[in-house]
Amino acid sequence: MLPSLLPIWMASIILIVALSCLIKWPFISGAFSGLLLVSFCFYSLFYSHESEIPVQKQFKAEIVSLVSTNSDWISFDIRLISEQNSFYDTNYRLSWQQPPEVKVGQVWLFTARMKPITSPINQGGFNQQKNLLSRHIVAKGRVKQAELVHYDVPLRQSIINMMTPILHSLSHGAVLNALLFGDKSELTQMQWQQLRQTGTGHLVAISGLHLSVVFGLFWFIFRHNLQHFAPVFSRRNLLLAMMFSSLTVLGYGYLAGFAIATQRALVMLLMLVMLSIVNHHSSPWQRLTWALFAVLVIDPFASLSAGFWLSFSALGIILFTLEYTATKTNTENNAVDEANNYGTNNNSNYELEDREDEFDEKESDELDEGLKTKEVSADKRLLYQNFKSTYRHYQQQTLLYLQTFWAIQWRLAVGLGLLQAILFGTISINSIWVNLLMVPWFSIVVIPLSIIGLVGNIILMILPLTEGVRQLVGAKLMALGDISLAPFESLISQSDQWPMALVYLPDTMVVCLMMFALGLFLLKWAVDAPWRCVVGLLCVPFFLQLTVSIFESKAPLQQEPFGQQQTWHVHVLDVGQGMAVLVQRGNRAILYDTGAAYGQSFSYADRVIVPTLRAKGINRLDYIIVSHDDNDHSGGLKVLAQHYPKAVIISDTAAHYDAMTANSIIDLHLSSGSDTQKGTKIGIPKDTGITTDTKTDTTTETATTIDNALNHCVNRQFQWADLTVSLAANPTATNDNNRSCIAYVDDGKHRVLLTGDIEKSTEQYLVEHKLLSPTDILLAPHHGSRTSSSEAFIDAVSPKQVIFTAGFANQYGFPKKDVVERYKTRGVETLISGNSGQITIDFNSSSYAIRQYRSDIAPFWYNKLFRFGEKVKAE
């Protein structure tokens, strides 16, 4: 990945350098050309998206795909239709509340409030910016008004409309819909989780596997019929079969909507077919390289997609395995032939060869004896010899096929499993044996039956049949494909009970795993013992990290994290216009606020916080401190309580305890004894009256427990992992913001202050009651609003660094410029989470360092800020 793109003024210089190096240094020339191509693609897409473009835009566009639904909102992608067409299609992603019926292919005149694709970005979280760029989406927006211009129902939509009632009548219609039309919107969250746990998500996403199977199926059909009805000795039938099969694959890609991933797989396959048609004498590796070249030339942003790396890595692993297996087999066959030819007697043309063959040796001896005694003719003897030779040939070919298939499958599982760990931070242990069963099942049974059923239904469209008859016969044609999916659905539905169904790997373990895999690979080719020892050192970090992880997971709560006694970290997560701050020490953490949740299916806890905890290797979330009840601070609490049921919730809001049962509260109370506070224990106060022998679990008792557990934020202090956590709140406050629970985190030398949404009245209360003290890092109150950050408050805490938790280009205009200036005039350095992405502060015994995701952790061009459409809304 490129750290940055070329500025426009350098393009001509780089082009001259690339041409100059073409003959003598082709590799350097190619690298510069690639950089130039990616930059050209970028500027072609973004040339008109500058900051002066109005937020309210009107434009004509075609709907190209429906992305998701959430409550009464839908999300969809559009292709901009304009008079000034760029070299690449310009796409937008729009959201629309309570829309009319929206279909792919419709052309609308939209009026929308547009914003940049800049999105929250954190370690371990989903990189939406990168994903949008890979799809050539350059802006996001919310529809304000829209007018349908025209809708000429395309052939694809007509076929989908015909197939929809048929697929809905089948047991596995959602999976068939994904296989035939690339529409995965009907797959449930449970199905997606099961696909991830078994590593079989690629089987329901139209990719190179599906296109290759369709190509092979129709190539066999066309080739067989041409040879039967119009046999020739030239390459004519072969070429015609390849051309017809290519057209069929293009039709399949059309039905799949020519999605970006499908386009890449098509280019790769058609490039290989074209090289075969022109009889280009090249190795499989050269053809794969040409296909890779074609994909990147057509779409330079292809490398941003995980599917790109998975597809070409899979092909590379297959080619390597076939080449290695063929070389190994040839070497073994040559050795056997040399052994068999040594000392052979050539005087008789009818003497049987390879007498050491294990095939049916006893019956062979008996038959030889019978031939001798009965003096059979030479013709029968020759016939038996040919039969035995043919059987031995097919036996060896079958055995070779099974060995090659196994070699490909385990290498694919290991190689793609490692790539999955790098790309997604997860690994599916069961994917090896599941894919060993399901890949051939899909290739040989599911995909061919589904495609044949679809072709049959398309033929029915042409015939003059009534709708009822067409649906009845069409359902029968699809029945075999539906039945063939039953074993697959039955298998993955059991994955929830499998041990280690889906393993989440921290970033450090992923790096160690990469070194371990590289070490094992090089050990195979190391020529002597010294080199093997050197290469073996690459495997050491993996075992060390594994030992540390096991030690930390089994260490008691009161024991300090292994090897982490002198360091701790504060991660200010980028959760848009909200707040979530993670205090980490080793594999333990405290979370302050939980970000927002929207609709029925979106939560920053799921999208950002939980993945970050996993990426950091945190398996103990000891405390969740919720400052107050605003959605942007408490929206993710329910999700986090489900993922970390043993975490102690600290909040002054009764509703925040609804996610916990009375028994859960008892467990949390008992588990919190390792962290003590001055006066009483943190967590559930002693006067709750809860005892471990409570047998009644009623709603009334739960409510009583919750009521007794409230107000435990005010003026409390406790020790956690050798850090002091001090909590305070304003008991006289009259609104929710001012009741925010503030927290100091202190290691004796450095101090961090987390302030929630407190406003000037609470700031004054804290100053007057001398509850504030100087701090190193301040999380600015209320995201930098004018209602907060009074001069008296800033002077009381006198921070060295202030961080504003505000979304990029948010509608409120936080942080306000005059508030930022108020800090700067006092020499305080400022950062904004929406601009920086995740902000990490690393503390050690003597100092601390600040790292920003966009500029320090992952300073790649696709993580930059994309500015346009900023608008300020009055408070």
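Note: the structure precedes this text.
Just so it is clear, the model here is predicted, and its values are computed rather than measured.

How should the overall build of the chain be read in this particular structure?
Along the chain, the regular secondary structure elements total 29 helices and 23 strands. The buried share of the chain, reckoned over its 875 residues, is 46%. Look at the contacts in the chain between residues 6 or more apart in sequence, and 70% of them connect residues 24 or more apart. Accessible surface for the chain amounts to roughly 43900 Å². Of this, 59% is attributable to carbon and sulfur atoms.

Looking at this model, I keep getting lost on the pattern of salt bridges. Mind explaining?
Two side chains of opposite charge can pair, provided their charged atoms sit close to one another. Throughout the structure, instances matching the rule amount to 12 salt bridges. In this structure, E101 engages K103 in a salt bridge whose closest nitrogen and oxygen atoms are separated by 3.5 Å. By relative accessible area, which is 23% here, K103 ends up partly exposed. Linking E467 and R470 is a salt bridge whose minimum nitrogen-to-oxygen distance equals 3.1 Å. Of this pair, E467 and R470 are both found in helix α15 (residues 467-484), three residues apart, which corresponds to roughly one turn of the helix. A relative accessible area of 44% places E467 in the partly exposed class. When salt bridges that share partners are traced, they join E791, D795 and R826 into one network.

Explain unusual backbone geometry here, please?
Excluding glycine, a negative phi dihedral is what most residues carry, and trans is how most peptide bonds are arranged. P815 follows F814 through a cis peptide bond whose omega is -10°. The residue P815 is located in the loop between β20 (801-804) and α27 (817-824) in this model. Positive phi is not limited to glycine here, since Q98 has a value of about 50°. Mapped onto the elements, Q98 comes out in the loop between β3 (91-97) and β4 (107-115). Unlike most non-glycine residues, A721 shows phi in positive territory, near 50°. Following the sequence through the fold, A721 ends up in the loop between β15 (716-720) and β16 (723-728). For A721, a relative accessible area of 6% gives the class buried.

Any chance you could explain the sheet that holds strand β22 (residues 839-843) here in plain terms?
Hydrogen bonding along the main chain pairs the strands of a sheet, whether they run parallel or antiparallel. Spatially, seven strands are ordered β14-β13-β10-β9-β8-β22-β23 in an open sheet, and the strand pairing comes out mixed. Either end of the sheet is taken by a strand with one partner, and the two such strands are β14 (648-650) and β23 (848-852). Going across the sheet, the axis of each strand differs from the next one's by a mean of 15°, ignoring polarity. Direction of pairing for strand β9 (residues 581-585) relative to strand β10 (residues 588-592): antiparallel, over a ladder of five bridges. Each bridged residue has a counterpart across the sheet, and for L582 the counterpart in β10 is L591.

Explain the pairing of β23 to me, please; I cannot follow it from the model alone.
Consecutive side chains along a regular strand alternate between the two faces of the sheet. Bridge analysis of β22 against β23 gives five bridges, and the strand direction is antiparallel. By the bridge assignment, T840 is partnered in β23 with R851.

What's the story with the pairing of β10 in this structure? I'm lost.
Among the five residues in β10, five count as buried, and that is most of the element. Residues R588, I590 and Y592 of β10 are buried on one face, and the alternating residues A589 and L591, pointing to the opposite face, are buried as well. Linking β9 back to β10 in an antiparallel pair, the connection comprises two residues, with G586 at a positive phi of about 65°. In the sheet, β10 pairs with strand β13 (residues 620-625) via five bridges, with the strands oriented parallel. Across the sheet, A589 pairs through a bridge with L621, a residue of β13.

Would you take a moment to explain the environment of L779 for this structure?
Mapped onto the elements of the fold, L779 is located in strand β19 (residues 777-779). When the C-alpha positions of L779 and V572 are compared, they lie 8.8 Å apart, and in sequence the two are 207 residues distant. Excluding its chain neighbours within four sequence positions, the residues that come into contact with L779 are V572, M579, V581, V752, L753, L754, T755, I803 and T805.

Reading guide: rules and limits
- Residues numbered from 1 in each chain as written.
- Predicted model: local features only at pLDDT ≥ 70, side-chain atom pairs only at ≥ 80, totals over all residues.
- Heavy atoms only, no water.
- Helix = DSSP H or I, 4+ residues; strand = E, 2+ residues; numbered from the N terminus.
- Buried < 20%, exposed > 50% of the residue type's maximum accessible area, 1.4 Å probe, protein only.
- Contact = heavy atoms within 4.5 Å.
- Areas by Shrake-Rupley, 256 points an atom, 1.4 Å probe, with all protein chains shown as cover.
- Salt bridge = Lys/Arg side-chain N within 4 Å of Asp/Glu carboxyl O.
- Pairing = 2+ DSSP bridges.
- Axes fitted to C-alpha atoms, helices over the stretch in contact; angles between N-to-C directions.

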